[in-house]
Every structure is written in C-alpha cells, then in structure tokens.
Amino acid sequence: MIEKNNYRNLNRCPVKVLILDTHIISNMAKWKMGKQMDKATLERVKILYEYIHRLVRAKKLLCPEIPILQDEYRLDTRIEETCEIIVIELSRGVRFLTHQNAEDFQIQLAMKAYIENSVSVDYSKEWYNIYSGDPIKQLLNCDSHVFRFSWSKKIRDNEHIRERKRFMKDKLRRIKAKDASRTPTFEEKLNEEYNGYITGILKLGFLPYTKEINGKIYFFKNMMGWSILSRHLAYWERLKGQPAGIKEILRFYRSEYLRSVPSIEIQAKLWAGFAVYLKSAKPKESDANDIAILATVLPYADFIILDKTIADLARDRLHLDKKYNTKIYKLSETDKLVLELQQIEKIENPLDNLFA
C-alpha cells in the first residue's frame, strides 16, 4: 500500500494517460455540432469521446490538455467554443506544462546528471513534474470547477499564430529543399538536427550582446533567444556546476546527456525523419505543432492518437513508441484503442488500492 501523495514517486502515473491530437478534438467538435463528415470518422470520434468521458469520470483515465493545442483549434472560429468545451470535459482541468517548460525541466535533469557523472536519467519517472498541477488530486476532486483564462487569445491573435505556422512549414520545406540534391543518411541528418539546435541557441543567445556592443538596437524576439541560454547558465549555477561559465555549458551541449533529453531527441529524430524518409511528402502547417506535441508528451503518455503521417513516422519508422513505452495510434485504428479502453473499464480503479 502506498501512502497518500507518495504516488508522486511512482515510475509512471498510476492512472493511464491518453493524449488526443488536434484533429481528433476538431472532429469531436464537428460531431457534437452536427456538421457534415464522413460516417467512419463520425463513428470513431463518437465512440472515443464516450469512452474517454466515462473513464475520466470513473477516475480510471487521464486525458490532459496540451497547451499548444489551444492555438490550433482556435484558428477555426466556427468550432472553437465547442473544442474548448470538449477539452474541459475530457481533461477536467488536468494540464501538461508548455512544451518549453517541459523541455527546460528535462534539461535541468540532464545537466544534473552530467555534473554528477550519473549513468542515465529516468525521465518517465518524473511524470508528476510535467503537469501544471497535481493531476491525481484534480482527478479525485469531483466537485472541482475548471477555470479558464484565454491568455493566448489576448496576447496573440489568430493571424500571429498562422504566421508562426507558415514559418515552421517553410522551415520544413527548406530542410527538404536542402536535401533535394543529396541523399544524407538518417544518422547524418540527425547529427545536423542536434547541431542545429545548439547553433540556434548560441546564435540567438549572443545576438543581443553582439548588437549592443555594436551600438545596434535589438528587439524583444532577440531577447527571447537570449533567455534560453541565460536559463541554462542559471541552471548550471544553481546545480553548482564547475567550472562556471559558457565553456562548460558548451561541453554539456556536445555531450550525450543533451542528446538524451526526450524533448530534444524526439524533435531531432522527427525533423530528420521528415527530411530523409518523407522527402516527397508535402509539408503541412500542422507538422511543426505535431512534432512539438509529441516531444512534450511521449515519455509520459500510455496512448496517443496522432495524424497518420506523424504516427507512421514516429511508430513505424523511428520506433519511438517502443523506446518510450507508449502506444501510438491513428484514427483509423480506433478499434484497437477501444479494446485498450475496454480493458481499463473492466479492471478495478488503480486509485482505490493506492489510497486504501
């Protein structure tokens, strides 16, 4: 028996965790609103919604909200409000950290291991710290009200979001164009992605400093780049890393410890996979967000439903599902996921024994 609150020390969340991609939530909204859609999709999202809704209320399943999804479904103002209601109903207020916050936390774990010369880091065991609150307490609180603040809508309008999506789509197009006249291996492309991550941090990090010493004006977006490097330096100091300063941070960047950070590894492998395995596939504006979502949740989820393209890449090409012990499904494979949900429904609630 585990004493109350000691569930935080379990290797994984005691309740199964299911993640829905944006297109699943959008299709659920269309079904709820009675909009025209093909019969197969309608039946799939209907049965998924009903199972998830029932299991969440039985406290046998978590279906957390992913912050970046809000930007996605808000782009379609016709279904925005219904999407929001569905997210509240299925998540019950349980929410993952933002992609950047989750990555920052993982980097701190990797940096600590690097400083202490530890063998490895069990990132999945840190599941509790990837939520914005206590997910089990929120699930158990039947009378809880979910309060929503639409910060993203106030800070960034839809055109700003679309501009960023177009930028990321162009990034993928540039990656593909760069490799059009050559045939790099996956490992070569993967190394380029890792090096690109490090170069990006250093380039953006030193840009404000370079501009200042040259008497030039730098803008807020330049300071955002500096903030990543400055946070890493602050983590190093807080963890008492020696020697202090940028040189040792650079050694950490070049180490396997950084490459093993799930957020960074998953993104690098997916970007490399798009460039090598999907050279002929036309880039979509949703690809970058799909990559960010998967990089955030993969080590902490039991089931994920993804867009067909990224599901095939992550599961069948890169085998990320096996590495992180997560089952990845496409919407067309709903019947397989439903079998999993049926098993969860049949078994005793794991929280009953946890707090007995």
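What counts and what doesn't
Residues numbered from 1 in each chain as written. Predicted model: local features only at pLDDT ≥ 70, side-chain atom pairs only at ≥ 80, totals over all residues. Heavy atoms only, no water. Core = buried A, V, L, I, M, F, W, Y, C linked by side-chain atoms within 4.5 Å. Buried < 20%, exposed > 50% of the residue type's maximum accessible area, 1.4 Å probe, protein only. Helix = DSSP H or I, 4+ residues; strand = E, 2+ residues; numbered from the N terminus. Contact = heavy atoms within 4.5 Å. Phe/Tyr/Trp six-rings, centres within 6.5 Å; stacked < 30°, edge-to-face > 60°. Lys NZ or Arg CZ within 6 Å of the ring centre and 35° of its normal. Axes fitted to C-alpha atoms, helices over the stretch in contact; angles between N-to-C directions. Parallel < 35°, antiparallel > 145°, perpendicular 65-115°, else oblique. Nonpolar A, V, L, I, M, F, W, Y, C, P; charged D, E, K, R; others polar. 1 Å grid on protein atoms, 1.4 Å probe; cavity = no way out; pocket = protein on both sides within 12 Å on 5 of 7 lines; lining within 4 Å. Points joined across faces, edges and corners; volume = space filled by probe spheres on them. Pairing = 2+ DSSP bridges.

Student: Pulling in residues and values, what's your account of the nonpolar core?
Tutor: Among the nonpolar cores identified, the biggest contains 100 residues, and L20, M28, I52, F252 and L270 are the most heavily contacted of them. Per element, the largest residue contribution to this core is 8 residues, and it comes from helix α5 (residues 99–116). Beyond its immediate stretch of four places on either side in the chain, M28 contacts L20, V45, L48, Y49, I52, I86 and L90.

Student: Explain the packing of aromatic side chains to me, using residue names and the numbers behind them.
Tutor: Within the structure shown, the criterion is met by 10 aromatic pairs. A centroid spacing of 6.5 Å and a plane angle of 80° characterise the contact between W127 and Y131, whose relative ring orientation is edge-to-face. Pairwise contacts between aromatic rings join Y7, F96, W127, Y128 and Y131 into one cluster. Lying across the ring of Y51, R54 places its NZ or CZ 4.7 Å from the centre.

Student: Go over the packing of helix α13 (residues 262–277) against helix α15 (residues 308–317) with me, naming the residues and quoting the values.
Tutor: To describe two helices that pack against each other, one gives the angle between their axes and the distance between the axes. Direction vectors running N to C along α13 and α15 enclose 100°, while the axes themselves pass 11 Å from each other. Here α15 runs roughly perpendicular to α13, going by the angle between their axes. The segment α13 lies against α15, with L270, G273, F274 and Y277 engaging T309, I310, L313, A314 and R317. Looking at the contact of α13 with α15 residue by residue, the classes come out as 6 nonpolar, 2 polar and 1 charged.

Student: Quick rundown of empty space enclosed by the protein? Include the residues and the values.
Tutor: Scanning all chains against the criterion turns up 3 cavities of 30 Å³ or more. Of the voids in this model, the largest cavity is the one considered here, and its volume is about 90 Å³. Elements with a minimum of two residues in the lining of the largest cavity: α1 (22–32) and α4 (80–91). Considered class by class, the residues forming the lining of the largest cavity number 10 nonpolar, 1 polar and 1 charged.

Student: Tell me what's going on with the pairing of strand β3 (residues 303–306), and back it up with residues and numbers.
Tutor: Side chains of β3 alternate between two faces, with F303 and I305 and I304 and L306 buried alike. Pairing analysis gives 3 bridges linking strand β1 (residues 16–20) to β3, with the strands arranged parallel. Among the inter-strand pairings, L20 is bridged to a residue of β3, identified as I305. In this structure, β3 lies alongside strand β4 (residues 327–330), joined through 4 bridges in parallel fashion. Paired with I305 across the two strands is Y329, which belongs to β4.

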